[in-house]
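Residues per chain, in single letters:
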Amino acid sequence: MPLKQSWLATANSPDCAFPLNNLPYGVFSDAGEDDPRCGVAIGDRILDCRAAEAAGLIDVSDAALFELPFWNDLMEEGPAVWAALRARLTELLADGAPEQAAVEPLLVPMAEATLHMPFMVSEYTDFYAGRNHATNVGTMFRGAENALPPNWLHMPIGYNGRASSVVVSGTGIRRPWGQLKSPDHDRPAFLPSRRFDLELEMGAIVGIASDGPITVAEADANIFGYVLLNDWSARDIQAWEYQPLGPFQAKATATTISPWIVTKAALEPFRVDTPPREVELLDHLKDCGPMLYDIELAVTLAPEGKPASVISRTNYREMYYSSAQQLAHHTTSGCPMNVGDLLGSGTISGPTKPERGALLELSWGGKEPITLDSGETRSFLEDGDTLTLHGAARGDGYIVGFGPCAGQVLPALKDPYKR
Ligand code: MN
């Protein structure tokens, strides 16, 4: 599919993250004002959807879609309205649109806007579905022979995370305190994490509720869109707490998502198959069409006051399980899923070292620190470091970008129990 031409010139640039082909959904407010509302990114502007609905330019449902500063109301309307809205937005912003003069005053410069959480997160589940990541971490934690747990090739392993600490790009991330246990000591100590890390992931957003087991095809249909997701992880807390129930406080501090929901419709041209299966999956998890996406991913790290270095480059197609398979597995027990549920893909790592999506892997547990462009080295994150995830699918003369997913590491509190 070629670039769709817009009357807004900045949207037609081949390296613009937000051409007419994309139309991602976010929530914004004007600089210095506290009036968050739904908007669509186009070129270097945001179309104010609340204003467009009030002006009668958007009228795709009997219900008002943009009274609240979240996209959940649109998701609740279902796929016919999702498609009608996308078609109407495309019409309004396409080259030659008769509505251009009416729409132009509703565009806000993106550079002057503040971006907020694009949707209300109902619940958050994180998976462990990247084979290279699971193999690397398993090798470090349990040795090469037991790297992949025996269940790993049969189901996407996950844990129930916290919706309460999902934050939007730009939010500062406070280094957590927790129980750390060194092999040299009998007792753990309560200290700030010394091995604070990132995880490069994609987040899938459930747009249709379900109550009971659903198939992989149904799960794919129920996904509304995707964001970039950084599952901040305190490795020293994790190593001590994780057996037998999995991560808990190590990953409860914060999860950062990118501010724009890139819809499944925008990603349609970039679908790819999951990798070949080493063992046959049980019927209810079998692949039924290409359900991963060819999305180029990168991670940059900028020490405070210094330029950013690229520390990883990989691709979402490296995952072993698709988000649809993860969602289908999540429902097998009868677990109801809600509109606004967020599913983290698991860390995305490619097969070679520069493609690893976490510092734990890049520095091999701290044994092989990486060198940044500034000459500094890193095994784990230092205070003041800004971590940014980048993602874009590459089309024919255009890209479908996600916008940055960034967070700066703030120093631990001096005493977290001091009131
Ligand atoms: Mn994770």
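These numbers come from a predicted model, not from an experiment. (Residues numbered from 1 in each chain as written. Predicted model: local features only at pLDDT ≥ 70, side-chain atom pairs only at ≥ 80, totals over all residues. Heavy atoms only, no water.)

S.K.: How should I be thinking about the overall build of the chain in this particular structure?
M.R.: The number of helices and strands found in the chain is 10 helices and 27 strands. Its C-alpha atoms give the chain a radius of gyration of 21 Å, within 12% of the compact-globule value 22 Å for 419 residues. Buried positions account for 54% of the 419 residues belonging to the chain. Long-range pairs, those at least 24 residues apart, make up 71% of the contacts in the chain with a sequence separation of at least 6. Averaging the locations of the 32 positively and 54 negatively charged side chains of the chain gives two centres separated by 9 Å. (Helix = DSSP H or I, 4+ residues; strand = E, 2+ residues; numbered from the N terminus. Rg over C-alpha atoms; globule rule 2.2 N^0.38 Å. Buried < 20%, exposed > 50% of the residue type's maximum accessible area, 1.4 Å probe, protein only. Contact = heavy atoms within 4.5 Å. Lys, Arg positive; Asp, Glu negative; His and termini not counted. Charge placed at Lys NZ, Arg CZ, Asp CG, Glu CD.)

S.K.: Can you help me understand the layout of surface pockets in this one?
M.R.: Remark: the empty space left among the atoms is shown by a probe the size of a water molecule rolled over them. Its boundaries defined by the atoms lining it, the largest pocket holds a volume of some 540 Å³. Contributing to the lining of the largest pocket are 27 residues, with Tyr-128, Ile-157, Tyr-242, Gly-246 and Pro-247 lying nearest its centre. Listing elements by their share of the lining of the largest pocket, those giving two or more residues are strand E6 (124-127), helix H5 (131-142), strand E7 (158-160) and helix H7 (235-241). With 5 residues, the single largest contributor to the lining of the largest pocket is H5. (1 Å grid on protein atoms, 1.4 Å probe; cavity = no way out; pocket = protein on both sides within 12 Å on 5 of 7 lines; lining within 4 Å. Points joined across faces, edges and corners; volume = space filled by probe spheres on them.)

S.K.: Any chance you could explain the sheet that holds strand E4 (residues 107-109) here in plain terms?
M.R.: Working definition: the strands of a sheet are paired by backbone hydrogen bonds and lie parallel or antiparallel to each other. What the 5 strands build is an open sheet, ordered E4-E3-E2-E1-E5; its pairing is antiparallel. Strands with a single pairing partner mark the edges of an open sheet, and in this sheet they are E4 and strand E5 (113-116). Strand-to-strand, the axes of this sheet are offset by a mean angle of 50 degrees, without reference to chain direction. With 4 bridges connecting them, strand E1 (residues 25-30) and strand E2 (residues 37-42) associate as antiparallel partners. Following the sheet pairing, Val-27 is matched in E2 by Cys-38. (Pairing = 2+ DSSP bridges. Axes fitted to C-alpha atoms, helices over the stretch in contact; angles between N-to-C directions.)

S.K.: What exactly am I supposed to notice about the coordination of the manganese ion here?
M.R.: Think of it this way: four donors in a tetrahedron around the metal ideally sit 109.5 degrees apart, and six in an octahedron ideally sit 90 or 180 degrees apart. Coordination of the manganese ion by the protein involves Asp-126 (OD), Glu-199 (OE), Glu-201 (OE) and Asp-231 (OD), with metal-donor separations of 2.1 to 2.2 Å. Between the donor residues of the manganese ion, the gaps in sequence give the motif D-x72-E-x1-E-x29-D. Taken together, the residues Asp-126 in strand E6 and Glu-201 in strand E13 (residues 200-206) connect sequence positions 75 residues apart. Among the residues examined, Asp-126 registers a relative accessible area of 1% and is labelled buried. (Donors = N, O, S within 2.8 Å, 3.2 Å for Na, K, Ca; no water.)

S.K.: Sorry, what's going on with the packing of aromatic side chains here?
M.R.: What characterises a pair of aromatic rings is the spacing of the ring centres plus the angle enclosed by the ring planes. This structure, assessed with the given rule, holds 16 aromatic pairs. Their ring planes at 50 degrees and their centres at 5.3 Å tell us that Trp-152 and Tyr-320 sit as a pair that is tilted. Pair noted here: Trp-152 is in the loop between H5 and E7 and Tyr-320 is in the loop between strand E21 (309-315) and helix H9 (323-331), with a separation of 168 residues, a long-range link. What makes Trp-152 buried here is its relative accessible area of 0%. By relative accessible area, which is 2% here, Tyr-320 ends up buried. Each residue in the set Tyr-25, Phe-66, Trp-71, Trp-82 and Phe-224 is aromatic and connected to the rest through ring pairs, giving one cluster. Here the guanidinium or amino end of Arg-277 rests over the ring plane of Tyr-320, the centre of that ring lying 4.3 Å away. (Phe/Tyr/Trp six-rings, centres within 6.5 Å; stacked < 30°, edge-to-face > 60°. Lys NZ or Arg CZ within 6 Å of the ring centre and 35° of its normal.)

S.K.: Would you explain the side chain of Ser-345 in this entry?
M.R.: Among the secondary structure elements, Ser-345 is positioned in the loop between strand E22 (342-344) and helix H10 (359-362). Those residues in contact with Ser-345 that sit more than four places away from it in its chain are Asp-126, Phe-127, Tyr-128, Ala-129, Glu-201, Met-202, Tyr-316, Met-319 and Gln-326.

S.K.: What is the right way to read the pairing of strand E25 (residues 386-394) from this model?
M.R.: Taken residue by residue, a regular strand's side chains alternate between the two faces of the sheet. By the bridge criterion, 7 bridges tie strand E20 (residues 296-302) to E25 in an arrangement that is antiparallel. Among the inter-strand pairings, Leu-301 is bridged to a residue of E25, identified as Leu-387. Alignment of E25 against strand E26 (residues 399-401), held across 3 bridges, turns out to be antiparallel. Opposite Ala-392, over in E26, you have Gly-401 as the bridge partner. Counted along the chain from E25 to the antiparallel partner E26, the turn is 4 residues long, and its residue Gly-397 has a positive phi close to 85 degrees.

S.K.: Quick question: what am I supposed to make of the side chain of Glu-99 here?
M.R.: Position of Glu-99 relative to the elements: it lies in the loop between helix H3 (79-93) and helix H4 (100-103). Side chain to side chain, Glu-99 and Arg-88 meet in a polar contact 3.2 Å long. (Polar contact = N/O pair within 3.5 Å; in protein donor to acceptor, adjacent residues only side chain to side chain.)

S.K.: Explanation requested: the domain arrangement of the chain in the structure shown.
M.R.: Often, the extent of an interface is quoted as the loss of accessible area upon association of its parts. We note that the domain assignment places domain 1 (9-116) and domain 2 (124-410) within the chain. A straight line from the C-alpha centre of domain 1 to that of domain 2 covers 29 Å. Contact residues are listed per partner, giving 26 residues for domain 1 and 25 residues for domain 2. Between domain 1 and domain 2, the buried area comes to about 1900 Å², and carbon and sulfur atoms account for 72% of it. Counting the surface domain 1 buries against domain 2, the share from its top three residues, Tyr-25, Met-75 and Trp-82, is 29%. Our count for the contact surface shared by domain 1 and domain 2 stands at 0 salt bridges. Inspection of the domain 1/domain 2 interface yields 3 residue pairs in polar contact (both at pLDDT 80 or more). Take the side of domain 1 that touches domain 2: its biggest share by element is 4 residues, from helix H2 (residues 72-77). (Domains from an automatic or database assignment. Buried area = accessible area lost by both parts, 1.4 Å probe. Salt bridge = Lys/Arg side-chain N within 4 Å of Asp/Glu carboxyl O.)

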